[in-house]
Amino acid sequence: MPRKNSRNTKGRIIAAAWKLFYEQGFEETTIEDIVYESETSKGSFYHYFKGKDELMGTLANVFDEKYEQLMVEMDPGLDAMEKLIHVNHELFSMIDGGVSMDLLSRLLSTQLLARGEKHLLDRSRTYFKVLRQIISEGQRRGELRTDWTVNEVVNAYALWERALLYDWCLCGGEYSLVDYTDRVTPYS
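Source: prediction; values computed, not measured.

The rules behind each value
Residues numbered from 1 in each chain as written. Predicted model: local features only at pLDDT ≥ 70, side-chain atom pairs only at ≥ 80, totals over all residues. Heavy atoms only, no water. Helix = DSSP H or I, 4+ residues; strand = E, 2+ residues; numbered from the N terminus. Polar contact = N/O pair within 3.5 Å; in protein donor to acceptor, adjacent residues only side chain to side chain. Contact = heavy atoms within 4.5 Å. Expected span 1.5 Å × (residues − 1). Salt bridge = Lys/Arg side-chain N within 4 Å of Asp/Glu carboxyl O. Buried < 20%, exposed > 50% of the residue type's maximum accessible area, 1.4 Å probe, protein only. Axes fitted to C-alpha atoms, helices over the stretch in contact; angles between N-to-C directions. Parallel < 35°, antiparallel > 145°, perpendicular 65-115°, else oblique. Left-handed = near helix turned anticlockwise from the far one by under 90°. pLDDT = per-residue confidence, 0-100. Patch = residues over 30% accessible without salt bridge, like charges linked within 9 Å, V, L, I, M, F, W, Y side chains within 5 Å. Areas by Shrake-Rupley, 256 points an atom, 1.4 Å probe, with all protein chains shown as cover.

Visitor: Before we go on, may I ask you to explain the side chain of threonine 40 in this structure?
Guide: Along the chain, threonine 40 turns up in the loop between α2 (31–38) and α3 (42–48). At 2.7 Å, the side chain of threonine 40 forms a polar contact with the side chain of serine 38. In this view, threonine 40 contacts Thr9, Arg12, Ile13 and Val35; residues no more than four positions away in its chain are not counted.

Put into C-alpha cells, the structure is as follows:
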C-alpha cells in the first residue's frame, strides 16, 4: 500500500476513517463523515473501498506505518531481543493509547471470519519484513536461536503478539496492554 501523504487519496481516506472511528466509534461514523474529513469525494471513496467495513482491514496498514517509523528511529546499537521488545512496546503503546479495544476486536473478528485475504497474516506486510530483518540479523550475530529458521521464529513471535492482542480484547481491555506485555516479556 502506498504511504499516506497529502497527495494520496487512499491514504487520506484511511487516516480520516481511523481518526473518526477512534473519536466517534465505528458504528457512528458514516461514509459522508469520512469523505468530509478526508477532503475527498464519494466517488474516490468507492473507487478504493466497497464500504466502511472494508476499512477494517486497513488497520494492519496503520500498524505497518508505525513499524516503518520505529525502524527509522530505533537505536542500531540494540541487540535483536532489545529491538523486538522495543518494537512490541511501542506498537502496543500506540494500541493501548490510540486504538479502541472495540476497533481492534472488530479487526480480529473480521480476520477470523475472512474466507479470502487475511490482512494480519499477509507476509508481504511491513510488519513481517521488519521481524525478518531483526531476527535474521540477530541469528547472524548469534543473539537468537539458530535451530529454527528465520520464518519459524517470525511466526512464533507474531503468534505471541496476536495472542496478547486477542486476550486483551477478550478481557474487554480491563488491563493495560503495555504494562502486562512488559511484565510477561521473557527478556527484560
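Visitor: Help me understand helix α7 (residues 126–140), please; the structure alone is not making it clear to me.
Guide: Think of an α-helix as 3.6 residues a turn; residues three or four steps apart then line up on the same face. Taking 1.5 Å per residue as the helical rise, α7 with its 15 residues ought to reach 21 Å, and the 21 Å between its terminal C-alpha atoms agrees with that figure. Elements in contact with the buried residues of α7: α4 (59–73), α5 (80–98) and α8 (150–170). Just past α7, the residue glycine 142 takes up positive phi, approximately 80°.

Visitor: For this particular structure, what's the right way to read the pattern of salt bridges?
Guide: Here the structure, examined in full by the defined rule, presents eight salt bridges. For glutamate 23, the salt bridge identified is with lysine 19, shortest N-O distance 3.2 Å. Of this pair, glutamate 23 and lysine 19 both sit in helix α1 (residues 9–24), four residues apart, which is roughly one turn of that helix. Residue classification places lysine 19 among the partly exposed residues on the basis of a relative accessible area of 36%. Between lysine 83 and glutamate 137 there is a salt bridge, with its nearest N and O atoms 2.9 Å apart. Linking lysine 83 in helix α5 with glutamate 137 in helix α7, this pair joins segments that are 54 residues apart in sequence. A relative accessible area of 9% places lysine 83 in the buried class. The exposure class of glutamate 137 is buried, given its relative accessible area of 19%.

Visitor: When you look at the packing of α8 against helix α9 (residues 177–184) in this model, what are you seeing that I'm missing?
Guide: For any two helices packed against each other, one specifies the inter-axial angle together with the distance between the axes. Interaxial distance between α8 and α9 falls to 11 Å at its minimum, and their mutual angle equals 135°. One way to sum up the angle between α8 and α9 is to call them oblique. Every pair of crossing elements has a handedness; the one defined by α8 and α9 is right-handed. From α8, Trp160, Leu164, Leu165 and Trp168 reach across to α9, where they touch Leu177, Tyr180, Thr181 and Val184.

Visitor: So what exactly am I meant to see when it comes to the environment of alanine 80 here?
Guide: Locating alanine 80 in the fold gives a position in helix α5. In sequence terms alanine 80 and glycine 142 are 62 residues apart; their C-alpha atoms lie 9.6 Å from each other. Once residues within four sequence positions are removed from consideration, alanine 80 is found in contact with Ile134, Gly138, Glu143 and Leu144.

Visitor: Looking at this structure, I do not really get the confidence of the model for the protein. What am I missing?
Guide: A low pLDDT means the predicted coordinates there should not be read in detail. Residues at a pLDDT of 70 or more form 91% of the protein, whose mean pLDDT is 85. The weakest mean pLDDT in the protein belongs to helix α6 (residues 101–113) at 76; the strongest belongs to α2 at 95.

Visitor: Explain a nonpolar patch on the surface to me, please; I cannot follow it from the model alone.
Guide: Nonpolar side chains collect at one region of the surface, where Leu112, Leu113, Tyr166 and Leu170 lie side by side and expose about 500 Å² of accessible area between them. Elements that contribute at least two residues to the nonpolar patch include exactly α6 and α8. Position of leucine 112 among the secondary structure elements: in helix α6. Judged by relative accessible area, which is 62%, leucine 112 ranks as exposed.

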